[in-house]
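Results of the structural survey
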Amino acid sequence: MMTSKRLQEIPPSGTVAISNLVSKMKSEGADIISFSMGEPDFTTPSNIIDSCIDSLKDGFTHYTPSTGIPELRKAIADVTKKNNGIPCEASNVLVTPTKQALFMIALAYLNPGDEVLLPDPSWVSYEAHIRMVGAVPKYVTTSFDDGFVINPEKVQEAVTDKSKMIVINSPSNPTGCVQPESTLKGIADICIDNDMIALSDEIYEHIIYNGKHCSIASLPGMFDRTLTVSGLSKTYAMTGWRVGWLIAPEDDIKAVNKLQSHSITCCTSFTQTASVEAITGSQKDRDEMVATFKKRRDLALDLLSEIPGLECNVPEGAFYLFPKYDAKISSNELAEKLLMEGHVAVTPGRAFGPAGEGFFRMSYAASEEDIAAGIERMKKVFATL
Ligand code: GLU
């Protein structure tokens, strides 16, 4: 059947496509070590799982209010106000899977022809969402030499009278860069001066090793023009639970909730109750996971430094390395070679934007054994290039 022009214009998600391919190869018996998907390998902490089971046994298996259960909206608002300094209440929270929030934001705020600024490289689905609604992505290049920190002067140069929104993702997928507060202040000034919306994806906010997380919505004059999204997937190893949220002024929550009510109705009921436990319960497991990620980052950096022709920044957050390679092949070809010849899966840098060419993304949310064995496999493939 003929799909819409909108859909024809976008490729499938690069990250999900590789993960699907790896699953298929594994199910056919291939021994693949995967660093492709950005997903913690830990099991969700047991207090959260127990809370979900209790909720199911209590029969909490029906629709919830489309905005989310009141206890969870309040828990999210309380923790965000306290930790991020965003002046929000429960009425400023829409509970929804994080990717769904991003998709609904594109539908809710962008008209055909509107320009959206986004850092290059950045996560694969922002561009797809923008294109799908007929808006225009305008990349603002960031560089390896600057640690992928956004330069507000370059943002200013990219602004036109069609600029509607800027996407910020700190810590960043794929680079792990934590944007300094001074950078976010520069971007905030540009948003205010040019009447632009900031879309701040803070899904990796708790996975930070150095540097400090700053929410742009906490800066003066920004709450009213910022859509902040975050969620539980990465922080609590809950990728399969699909719980996240949007924080925004109340009228914006009402507006986006129209889309929620016409699409998924609400987030899954029993994962919402478990999410209250995730946010308000013990944070010991979360803190241990972050400490483990840091050890793995250091191990991976150490081992990668033994491969000639690779250079890597030391990322301050998230669980990705974004190494630069000097072999004269495209990042798609490199990822294919690593997978087919080395049986190790990474994501080609080009999937994250034009500036990602010449790089690959490695998720180190994998065991130390897999990191060591996978990098050994990479080394052999790089030796043939
Ligand atoms: N965000 C993760 C990644 O970049 C999961 C897949 C996706 O949503 O793209 O690998």
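What comes next is a walk through the structure. (Residues numbered from 1 in each chain as written. Predicted model: local features only at pLDDT ≥ 70, side-chain atom pairs only at ≥ 80, totals over all residues. Heavy atoms only, no water.)

Moving on, we come to the site of the ligand. Near the ligand, the surroundings consist of Thr15, Met37, Gly38, Lys99, Trp123, Asn173, Lys234, Tyr320 and Arg361. Thr15 is positioned such that a nitrogen or oxygen atom in its side chain is 2.5 Å from an oxygen atom of the ligand. Contact between the ligand and Lys99: an oxygen atom at 2.9 Å from a side-chain N or O atom of the residue. Taking 280 Å² as the accessible area of the ligand by itself, protein coverage stands at 91%. For the shell around the ligand, the residue count by class is 3 nonpolar, 3 polar and 3 charged. (Near = heavy atom within 4 Å. Polar contact = N/O pair within 3.5 Å; in protein donor to acceptor, adjacent residues only side chain to side chain. Areas by Shrake-Rupley, 256 points an atom, 1.4 Å probe, with all protein chains shown as cover. Nonpolar A, V, L, I, M, F, W, Y, C, P; charged D, E, K, R; others polar.)

Glancing now at unusual backbone geometry. With an omega of 5°, the peptide bond running from Asp120 to Pro121 counts as cis. Cis geometry marks the peptide bond from Asn173 to Pro174, where omega comes out at 25°. Note on placement: Pro174 falls in the loop between strand 5 (163-169) and helix 8 (181-193). Of note in this structure, Thr265 is not a glycine but carries a positive phi near 70°. As for its placement among the helices and strands, Thr265 is situated in the loop between helix 9 (250-262) and helix 10 (269-280). Taking the relative accessible area as the measure of exposure, Thr265 reaches 27% and is therefore partly exposed. Unusually for a residue other than glycine, Ala318 sits at a positive phi of about 60°. Within the secondary structure, Ala318 is located in the loop between strand 9 (310-311) and strand 10 (320-321). (Helix = DSSP H or I, 4+ residues; strand = E, 2+ residues; numbered from the N terminus. Buried < 20%, exposed > 50% of the residue type's maximum accessible area, 1.4 Å probe, protein only.)

Moving on to the environment of Leu334. By the secondary structure assignment, Leu334 is in helix 12 (residues 331-340). Given a relative accessible area of 0%, Leu334 falls into the buried group. Excluding anything up to four places from it in sequence, Leu334 contacts Tyr325, Ile329, Phe360, Phe382 and Leu385. (Contact = heavy atoms within 4.5 Å.)

The end-to-end C-alpha separation of helix 9 is 19 Å, in line with the 18 Å expected for 13 residues at 1.5 Å each. Among the residues making up helix 9, those that are buried are Ile253, Val256, Asn257 and Gln260. (Expected span 1.5 Å × (residues − 1).)

Okay, helix 6 (residues 124-132) next. Counting buried residues along helix 6, 8 of its 9 residues qualify, which places the element largely inside the surrounding structure. Those residues of helix 6 not exposed but buried are Val124, Ser125, Tyr126, Glu127, Ala128, His129, Ile130 and Met132.

A full pass over the atoms with the stated rule returns 13 aromatic pairs. Arranged with centres 5.9 Å apart and planes meeting at 70°, the rings of Phe148 and Phe359 form a pair that is edge-to-face. Taken together, the positions of Phe148 in the loop between strand 4 (136-141) and helix 7 (152-158) and Phe359 in the loop between strand 13 (347-348) and strand 14 (360-363) put the pair 211 residues apart, joining distant regions of the chain. For the residue pair Phe148 and Phe359, the accessibility class agrees, reading buried in each case. Consider the rings of Tyr204 and Tyr320, whose centres lie 5.6 Å apart with planes at 80°: the pair is edge-to-face. Linking Tyr204 in the loop between strand 6 (197-201) and strand 7 (226-231) with Tyr320 in strand 10, this pair joins segments that are 116 residues apart in sequence. With respect to burial, Tyr204 and Tyr320 carry one shared label: buried. (Phe/Tyr/Trp six-rings, centres within 6.5 Å; stacked < 30°, edge-to-face > 60°.)

Time to look at the pairing of strand 14. Looking along a regular strand, one sees the side chains alternate between the two faces of the sheet. Alternating positions in strand 14 separate into two faces, Phe360 and Met362 on one and Arg361 and Ser363 on the other, with burial throughout. Inspection of the sheet shows strand 10 paired to strand 14 by 2 bridges, in the antiparallel sense. Of the residues in strand 14, the one forming a bridge with Tyr320 is Ser363. (Pairing = 2+ DSSP bridges.)

Time to look at the sheet that holds strand 8 (residues 244-247). Spatial strand order, 2-8-7-6-5-3-4: 7 strands in an open sheet with mixed pairing. Among the strands making up the open sheet, the edge pair consists of strand 2 (93-95) and strand 4. Strand-to-strand twist of the sheet, defined as the mean angle between neighbouring strand axes without regard to direction, takes the value 20°. Across 5 bridges, the pairing between strand 5 and strand 6 is parallel. Among the inter-strand pairings, Ile168 is bridged to a residue of strand 6, identified as Ser200. Of the strands in this sheet, strand 2, strand 5, strand 6, strand 7 and strand 8 are in contact with helix 5 (residues 98-109), which crosses strand 7 at around 160°. (Axes fitted to C-alpha atoms, helices over the stretch in contact; angles between N-to-C directions.)

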